[in-house]
Amino acid sequence: MGEEASGPHGAFLGLPAARSAPARSRVAVLPIPFERTTSYGKGTRRGPAALIDASRQVELWDEVLEQDSSRVGVTTLAPVRATAVEAMLKQSEAATARVLAEGKFVISLGGEHTVTEGPLRAFVRRHPSISVLHIDAHADLRATYEGNRRSHACAASRMLDCGIRRLVSVGVRNLSDSEWPRRKDPRVRIHFAHRIRRDRSWIRKAVAQLFSPVYVTIDLDGLDPSWMPGVGTPEPGGLDWWQVTDLMTAVARRHRVVGMDVVELMPIPGQKVSEFNAARLTYRLIGLFVK
């Protein structure tokens, strides 16, 4: 585990200064505690701080990768504090663009899934042929939801609006009748959870459908609520730890992953399982994606 860091919630992993100094870090963590459109459980605004707090309990030695992945250096940026959606998107895009220009791998922590659009805009400008790997229980392909085109339920539609080359959604097990036809969009590939259960080749297929470079967005409700209960819209039948990490390992072997986000963490008072598991997953992905 890292050392105690300064600030109200410290820095991701609680790393000592030698491994968290911006000039020496390969990875930048951007907290975006934004919540305006959540439609069931509330509390995703507390997700980034909870994940960062929990990350200080993560052992730095990764027994699977057989390395201390924190040695690449991880700096934690000031949170994006905007409460209006347009301001949040503009500020998170600008913050991402600044650290991308420095050659860093950017990890955004939400907040609701609406936050993905801001950082992704910066990635698309830098990598016009980028594709997105989207872990989610929901397709998020609505044009609007409750009259709002920037609802968290429309996150994937807004990703497509950014101009990405391909959207590969994995773990989907809830979508509306209006979203069903959109699975035939030539830029969209959906791997439904009920089919993943019976298809041993689903990881190979999903990886093959991506184009490098890749951006990864993880809505934590894509994971099964038995080990990720702290989400606003839980759905039974989600991905387990090994399915997610096996998929990400396969992606890392074939593609260049240039950035990611982890969103929709809703801390549950009195338990720490969701935020710790989210922190552990984030750390594993640093080890896989940042060489």
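In this report, the structure presented in the accompanying data block is examined. (Residues numbered from 1 in each chain as written. Predicted model: local features only at pLDDT ≥ 70, side-chain atom pairs only at ≥ 80, totals over all residues. Heavy atoms only, no water.)

Notes on the environment of Asp 240
Step number 1: Examined against the element boundaries, Asp 240 turns out to sit in the loop between strand E9 (214-219) and helix H8 (241-254).
Step number 2: The spacing of Asp 240 and Met 228 is twelve residues in sequence and 9.1 Å in space, taken between C-alpha atoms.
Step number 3: Polar side-chain contacts of Asp 240 include one of 2.7 Å to the backbone nitrogen of Gln 243. (Helix = DSSP H or I, 4+ residues; strand = E, 2+ residues; numbered from the N terminus. Polar contact = N/O pair within 3.5 Å; in protein donor to acceptor, adjacent residues only side chain to side chain.)

Here's the deal with the packing of aromatic side chains
Working definition: an aromatic ring pair is given by the centre-to-centre distance plus the angle between the planes.
Step number 1: By the definition in use, this model includes five aromatic pairs.
Step number 2: Between Phe 105 and Phe 289, the ring centres sit 6.3 Å apart and the planes meet at 40°, which makes this aromatic pair tilted. On the criterion of sequence distance, the pair formed by Phe 105 in strand E5 (residues 105-110) and Phe 289 in helix H9 (residues 273-289) is long-range, its members being 184 residues apart.
Step number 3: For Phe 105, a relative accessible area of 6% corresponds to the buried category. (Phe/Tyr/Trp six-rings, centres within 6.5 Å; stacked < 30°, edge-to-face > 60°. Buried < 20%, exposed > 50% of the residue type's maximum accessible area, 1.4 Å probe, protein only.)

Quick look at the nonpolar core
Proteins that are soluble and globular tend to have nonpolar side chains buried together.
Step number 1: In this structure, Leu 133, Val 170, Leu 247, Met 248 and Phe 289 are the most contacted members of the largest nonpolar core, which totals 54 residues.
Step number 2: Membership of the second largest hydrophobic core comes to 25 residues, among which are Ala 28, Leu 100, Ile 130 and Cys 162. (Core = buried A, V, L, I, M, F, W, Y, C linked by side-chain atoms within 4.5 Å.)

Here we look at the layout of surface pockets
Step number 1: A volume near 290 Å³ is recorded for the second largest pocket.
Step number 2: Looking at the lining of the second largest pocket, the elements with two or more residues in it are helix H4 (117-126), strand E10 (257-263) and H9.
Step number 3: Looking at side-chain class alone, the lining of the second largest pocket contains nine nonpolar, three polar and five charged residues. (1 Å grid on protein atoms, 1.4 Å probe; cavity = no way out; pocket = protein on both sides within 12 Å on 5 of 7 lines; lining within 4 Å. Points joined across faces, edges and corners; volume = space filled by probe spheres on them. Nonpolar A, V, L, I, M, F, W, Y, C, P; charged D, E, K, R; others polar.)

Observations regarding the sheet that holds strand E6 (residues 131-135)
Step number 1: With parallel pairing, the eight strands of this open sheet are ordered in space as E4-E1-E5-E10-E9-E6-E7-E8. Each having just a single partner strand, strand E4 (74-76) and strand E8 (188-192) make up the two edges of the open sheet. Ignoring which end each strand starts from, the neighbouring axes of this sheet average 15° apart.
Step number 2: When strand E7 (residues 166-172) meets E8, the two strands line up parallel, connected through five bridges. Among the inter-strand pairings, Val 170 is bridged to a residue of E8, identified as His 191.
Step number 3: Set on the sheet, helix H3 (residues 85-101) makes contact with strand E1 (27-32) and E5; between it and E1 the angle comes to about 175°.
Step number 4: On the sheet, H8 packs against E6, E7, E9 and E10 and is oriented at approximately 170° with respect to E6. (Pairing = 2+ DSSP bridges. Axes fitted to C-alpha atoms, helices over the stretch in contact; angles between N-to-C directions. Contact = heavy atoms within 4.5 Å.)

Some points on H4
Step number 1: Of all ten residues in H4, seven are buried; the element is thus mostly enclosed.
Step number 2: Along H4, the residues classified as buried are Glu 117, Gly 118, Pro 119, Leu 120, Ala 122, Phe 123 and Val 124.

Examining unusual backbone geometry
Step number 1: Of the consecutive residues Gly 110 and Gly 111, the connecting peptide bond is found in the cis state with omega at 25°.
Step number 2: Structurally, the position occupied by Gly 111 is in the loop between E5 and H4.
Step number 3: Going from Ser 212 to Pro 213, the amide bond is cis rather than trans, its omega being -5°.
Step number 4: Mapping Pro 213 onto the fold places it in the loop between helix H7 (202-209) and E9.
Step number 5: Of note in the backbone geometry, Asp 140 takes a positive phi value of approximately 55° without being a glycine.
Step number 6: Position of Asp 140 relative to the elements: it lies in the loop between E6 and helix H5 (155-161).

Regarding the pattern of salt bridges
Step number 1: With the rule as written, the count across this model stands at 13 salt bridges.
Step number 2: One salt bridge in this structure joins Arg 71 and Asp 68, with 3.7 Å as the shortest N-O distance.
Step number 3: For Glu 179, the salt bridge identified is with Arg 142, shortest N-O distance 3.5 Å. Taken together, the residues Glu 179 in the loop between E7 and E8 and Arg 142 in the loop between E6 and H5 connect sequence positions 37 residues apart.
Step number 4: Judged by relative accessible area, Glu 179 falls into the buried class, the value being 1%.
Step number 5: Here the salt bridges do not stand alone but share partners, grouping Asp 62, Glu 63, Arg 280 and Arg 284 into one network. (Salt bridge = Lys/Arg side-chain N within 4 Å of Asp/Glu carboxyl O.)

Any link to function would need more than the numbers given here.
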